[in-house]
Amino acid sequence: MTSDDPTSSGVGADSGQKVNRRGLIGGLAVGSVALGAGVVGGFASRASAGNGFHRKKLVVEVACLGELYREGAKSNPANDADFRAPFIVEGWIYPEGTIKGDGFIPREEGSIGRWFCRGSAIVDASRGQPHTYADTAYCFGKITIENLFPRNSIHTTGLEGTIDRSQTCWRAIVGGTGEYVGAIGEMGEQIIADNTSPFADGTNDPSPCWRCEFDLRIPD
């Protein structure tokens, strides 16, 4: 559970180093649940935020699936320091406290949903970090043939991506569906571990995991 006023360590320093795919999304961006009822746990008690909104807190953890990372053509393929290209990747969402440290094995068992991220790398020789500007969807529930589109989701947008585990990136909550329809607010994201899913870029580097702390305002 987050506090009402989470703190950040600030903006990541420029690294000036070549960034591989693991580093590219190393800070992207990923409580108990009762999915059958369409409710995700880990909330503080409902509290009024004023102006027709109530406030909810939610903390989840995400394990990126590097084998699902796909990247478009680089804008400047002749220069490794200029890493500007579109990408898309997926991951598993877990309750807070699931990912204990490096070497986490991502699997569907124990997950509470699916994470989708698409965006563009923004790295160049003058700015090594942050790595990306991206839109993310946190889809709670299981995607099946019978239910291709789980009802409850939260959507965020903003800068992200660092290999510095002390940094927190802040992203805007720009909407949701089901339980979170009309949601706004902010989300703090921090890398917490590596997992065993290898990146599909020939490096076999491990994929990142991170903690996502949502401070939601939902219409009454």
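As the structure is a computational prediction, the values presented were derived from the model and not from experiment. (Residues numbered from 1 in each chain as written. Predicted model: local features only at pLDDT ≥ 70, side-chain atom pairs only at ≥ 80, totals over all residues. Heavy atoms only, no water.)

A. Representation of the overall build of the chain in the model. Assigned secondary structure in the chain consists of 1 helix and 11 strands. The linear arrangement of helices and strands in the chain, starting from the amino end, is α-β-β-β-β-β-β-β-β-β-β-β. Classification of the 220 residues of the chain by burial places 48% in the buried group. Per element, the accessible surface of the chain, about 10,000 Å² overall, is 52% carbon and sulfur. (Helix = DSSP H or I, 4+ residues; strand = E, 2+ residues; numbered from the N terminus. Buried < 20%, exposed > 50% of the residue type's maximum accessible area, 1.4 Å probe, protein only. Areas by Shrake-Rupley, 256 points an atom, 1.4 Å probe, with all protein chains shown as cover.)

B. Molecular detail of a nonpolar patch on the surface. A cluster of nonpolar side chains, namely Ile 143, Ile 145, Leu 148 and Phe 149, defines an oily patch on the protein surface of about 480 Å² accessible area. Topologically, Ile 145 is positioned in the loop between strand S7 (132-140) and strand S8 (152-160). Judged by relative accessible area, Ile 145 falls into the exposed class, the value being 73%. (Patch = residues over 30% accessible without salt bridge, like charges linked within 9 Å, V, L, I, M, F, W, Y side chains within 5 Å. Salt bridge = Lys/Arg side-chain N within 4 Å of Asp/Glu carboxyl O.)

C. The arrangement of the packing of aromatic side chains in detail. On inspection of all chains with the given rule, the structure shows 6 aromatic pairs. For the ring pair Tyr 138 and Phe 214, a centre distance of 5.0 Å and an interplane angle of 90° mean the geometry is edge-to-face. Of this pair, Tyr 138 sits in strand S7 while Phe 214 sits in strand S11 (residues 206-219); the two residues are 76 residues apart in sequence, bridging distant segments of the chain. Of the aromatic side chains, those joined through ring pairs into one cluster are Tyr 69, Phe 87 and Phe 199. (Phe/Tyr/Trp six-rings, centres within 6.5 Å; stacked < 30°, edge-to-face > 60°.)

D. A look at the environment of Thr 177. Residue placement: Thr 177 occurs in strand S9 (residues 169-177). Note on Thr 177: relative accessible area 31%, which makes it partly exposed. The residues touching Thr 177, leaving out its near neighbours within four places in the chain, are Arg 151, Asn 152 and Ser 153. A polar contact of 2.6 Å, which involves the side chain of Thr 177, links it to the side chain of Ser 153. (Contact = heavy atoms within 4.5 Å. Polar contact = N/O pair within 3.5 Å; in protein donor to acceptor, adjacent residues only side chain to side chain.)

E. Fine view of the pairing of strand S6 (residues 113-121). Pairing of strand S5 (residues 86-95) with S6 involves 8 bridges; the strand directions are antiparallel. Note that in S6 the partner of Trp 92 across the bridge is Arg 114. Here 9 bridges tie S6 to S7, and the two strands are oriented antiparallel to one another. Note on S7: the bridge partner recorded for Arg 118 is Asp 135. (Pairing = 2+ DSSP bridges.)

F. Quick look at the environment of Asp 164. Within the element layout of this structure, Asp 164 appears in the loop between S8 and S9. The spatial distance from the C-alpha of Asp 164 to the C-alpha of Ile 192 is 9.8 Å, given a sequence separation of 28 residues. If near-sequence neighbours (up to four positions away) are discounted, Asp 164 is found in contact with Gln 129 and Ile 191.

G. Spatial organisation of the side chain of His 54. Tracing the backbone shows His 54 in strand S4 (residues 53-71). Residue classification places His 54 among the buried residues on the basis of a relative accessible area of 6%. Only 2.9 Å separates the side chain of His 54 from the side chain of Asp 220, close enough to count as a polar contact.

H. Quick peek at the pattern of salt bridges. For the structure shown, the criterion picks out 9 salt bridges. The closest approach of N and O atoms between Arg 211 and Glu 61, which form a salt bridge, is 3.5 Å. In this pair, Arg 211 is assigned in strand S11 and Glu 61 in strand S4, connecting sequence segments 150 residues apart. Of the residues examined, Arg 211 reaches a relative accessible area of 24% and is grouped as partly exposed. The exposure class assigned to Glu 61 is buried, which follows from its relative accessible area of 1%. The partner of Asp 194 in a salt bridge is Arg 165, and the shortest N-O contact between them spans 3.8 Å. Of this pair, Asp 194 sits in strand S10 (residues 184-198) while Arg 165 sits in the loop between S8 and S9, placing them 29 residues apart in sequence. Since its relative accessible area comes to 34%, Arg 165 is described here as partly exposed. When salt bridges with common partners are traced through the structure, they connect Arg 55, Asp 215 and Arg 217 into a single cluster.

Honestly, it's all geometry; don't read function into it.
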